Amino acid sequence: MFAFNFNKIIMPIFYGKAALIEFLNSIKTPNSTIGFVPTMGALHQGHLSLMQQSLAENNNTVVSIFVNPTQFNNPEDLKKYPRTLELDTQKISDLNANIIVYAPTADDIYEGKIVSQDFDFDGLENQMEGKFRPGHFNGVGTIVKRLFEIVSPTHAYFGEKDFQQLQIVKKMVSKNHLDVNIIGCNIYREANGLAMSSRNERLSTSEREQASIIYQTLLEAKEKFKTQNCIEVKKWVTDVFDSNSIFDLEYFEIADEETLIPCDEKSKDKNYRAFIAVFVNNIRLIDTISLK
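All of the points below concern the structure found in this document. It should be emphasised that the depicted structure is a prediction, and the values quoted were computed from it without experimental measurement.

Scanning all chains against the criterion turns up 1 disulfide. In this model, Cys230 is linked to Cys263 through a disulfide, with the two sulfur atoms separated by 1.8 Å. Taking the sign of the torsion about the S-S bond as the criterion, the disulfide between Cys230 and Cys263, at about 55°, is right-handed. A residue pair is termed long-range when its members are at least 10 positions apart, and Cys230 in helix H11 (residues 230–242) and Cys263 in the loop between strand S8 (247–256) and strand S9 (272–280) qualify at 33 residues.

What follows is about the sheet that holds S9. Overall, antiparallel pairing links the 3 strands, which are arranged S8-S9-S10 in an open sheet. At either end of the open sheet lies a strand with only one pairing partner, and these are S8 and strand S10 (283–290). Pairs of neighbouring strands in the sheet enclose a mean axial angle of 15°, with direction left out of account. Strand direction decides the pairing type here: S8 and S9, joined by 9 bridges, are antiparallel. Paired with Tyr251 across the bridge in S9 is Ala277. Lying over the sheet, helix H10 (residues 212–225) contacts S8, S9 and S10, oriented at roughly 30° with respect to S10.

With that settled, consider empty space enclosed by the protein. With the rule as written, the count across this model stands at 1 cavity of 30 Å³ or more. What lines the largest cavity is a set of 47 residues, among which Met40, His47, Lys161, Asp162 and Gln165 lie closest to the centre. Within the residue set of the lining of the largest cavity, elements represented by two or more residues are strand S3 (34–39), helix H2 (45–57), helix H7 (136–151), strand S6 (155–159), helix H8 (163–175), S9 and S10. Per-element tally for the lining of the largest cavity: the top contributor is H7, with 6 residues. Class assignment of the residues belonging to the lining of the largest cavity gives a composition of 22 nonpolar, 17 polar and 8 charged.

The gaps left among the atoms become clear once a water-sized probe is rolled over them. The computed volume of the largest pocket comes to approximately 280 Å³. Taken together, 15 residues line the largest pocket, and the ones lying closest to its centre are Asn74, Asp77, Phe279, Asn282 and Arg284. By residue number, the principal contributor to the lining of the largest pocket is helix H3 (residues 75–80), which donates 3 residues. In terms of residue class, the lining of the largest pocket is made up of 3 nonpolar, 4 polar and 8 charged.

Moving on to the packing of aromatic side chains. Summed over the entire model, instances satisfying the criterion amount to 9 aromatic pairs. Here the aromatic rings of Phe72 and Tyr81 are separated by 5.7 Å at their centres, their planes lie at 75°, and the arrangement is edge-to-face. On the basis of relative accessible area, Phe72 is assigned to the buried category, the value being 10%. Note that Lys224 overlies the ring of Trp236, its terminal NZ or CZ placed 4.9 Å from the centroid. For Arg273, the ring lying beneath its charged end belongs to Phe163, and the centroid distance is 4.1 Å.

Another aspect to go through is the pairing of S6. Counting buried positions over the 5 residues of S6 gives 4, a clear majority of the element. Of the strand pairs in this sheet, S3 and S6 are connected by 2 bridges, and their pairing is parallel. Opposite Phe36, over in S6, you have Ala156 as the bridge partner. With 5 bridges joining them, S6 and strand S7 (residues 181–185) adopt parallel strand pairing. Within S7, the position partnered with Phe158 by the bridge is Gly184. For the segment spanning S6, H8 and S7, crossover handedness is right-handed.

Reading the values: rules and limits
Residues numbered from 1 in each chain as written. Predicted model: local features only at pLDDT ≥ 70, side-chain atom pairs only at ≥ 80, totals over all residues. Heavy atoms only, no water. Disulfide = S-S within 2.5 Å. Helix = DSSP H or I, 4+ residues; strand = E, 2+ residues; numbered from the N terminus. Pairing = 2+ DSSP bridges. Axes fitted to C-alpha atoms, helices over the stretch in contact; angles between N-to-C directions. Contact = heavy atoms within 4.5 Å. 1 Å grid on protein atoms, 1.4 Å probe; cavity = no way out; pocket = protein on both sides within 12 Å on 5 of 7 lines; lining within 4 Å. Points joined across faces, edges and corners; volume = space filled by probe spheres on them. Nonpolar A, V, L, I, M, F, W, Y, C, P; charged D, E, K, R; others polar. Phe/Tyr/Trp six-rings, centres within 6.5 Å; stacked < 30°, edge-to-face > 60°. Buried < 20%, exposed > 50% of the residue type's maximum accessible area, 1.4 Å probe, protein only. Lys NZ or Arg CZ within 6 Å of the ring centre and 35° of its normal. Right-handed = clockwise from strand over helix to strand, strands pointing away.

Shown next, in the form of structure tokens:
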């Protein structure tokens with residue numbers, strides 16, 4: 001089934017994969033392309049920027065809105081994750097009436113068996129997020145693979161804020177020989193530098209403003225990395241957050257962008273990236289920056 005949004009402009013919204021596949025097949029031409037932006041909803045300008053890039057580069061754009069249960073290792077986080085489908089679809093329709101929305105139920109995706117597939121990501125899954133969120137990347141791999149099989153996109157767009165996830169998805173596509181081009185897109189930030197995230201909506205006004213320290217710390221760490229080693233920079237970041245009672249630093253890591261293996265000693269032939277996860281009043285925020 002698919003529905004139409006008549007509030008302002010007509011936009012196709014599909015709730016079942018069978019109808020979506022049928023519709024996509026009906027509009028497909030030999031040289032047409034499909035851009036795909038998978039989301040968990042609670043859309044912000046960062047999501048919309050991915051859609052804008054897809055619109056610019058493809059004949060058709062599909063956006064999925066689905067809060068995927070298999071990638072949450074914390075049941076409370078899943079429960080509290082914002083679900084704003086009506087507002088999300090209005091934002092999409094305001095952006096472009098031709099965007100195709102897929103908003104499935106868990107049963108439509110998982111067919112009554114909500115479990116993750118086991119993946120081998122060549123060790124990418126064991127670093128950072130993988131250490132603190134067991135099973136998370138199997139859940140990510142499972143949902144992204146299923147969505148790719150349903151949508152059959154030419155290009156798929158992911159924000160670099162979740163850089164580890166981006167690398168995981170690229171690895172999954174490569175190892176499963178999927179015919180889709182994965183495109184990483186720049187992080188979209190609020191005016192104070194805070195990386196845009198659906199979780200930001202749960203922050204108070206004061207917390208949201210003070211959370212600018214996350215990006216500011218990353219910027220300073222990038223400068224320090226020019227003259228200091230990995231251990232020194234990591235200690236400095238730890239000290240910054242230890243001295244600030246509002247924030248609880250879960251991890252700060254400097255790692256090789258390709259393998260995500262943490263840096264012990266700098267190597268000139270590697271590109272490094274800093275990764276951070278911080279709790280603000282039990283709300284988990286992540287960010288990253290290239291150290292090139």
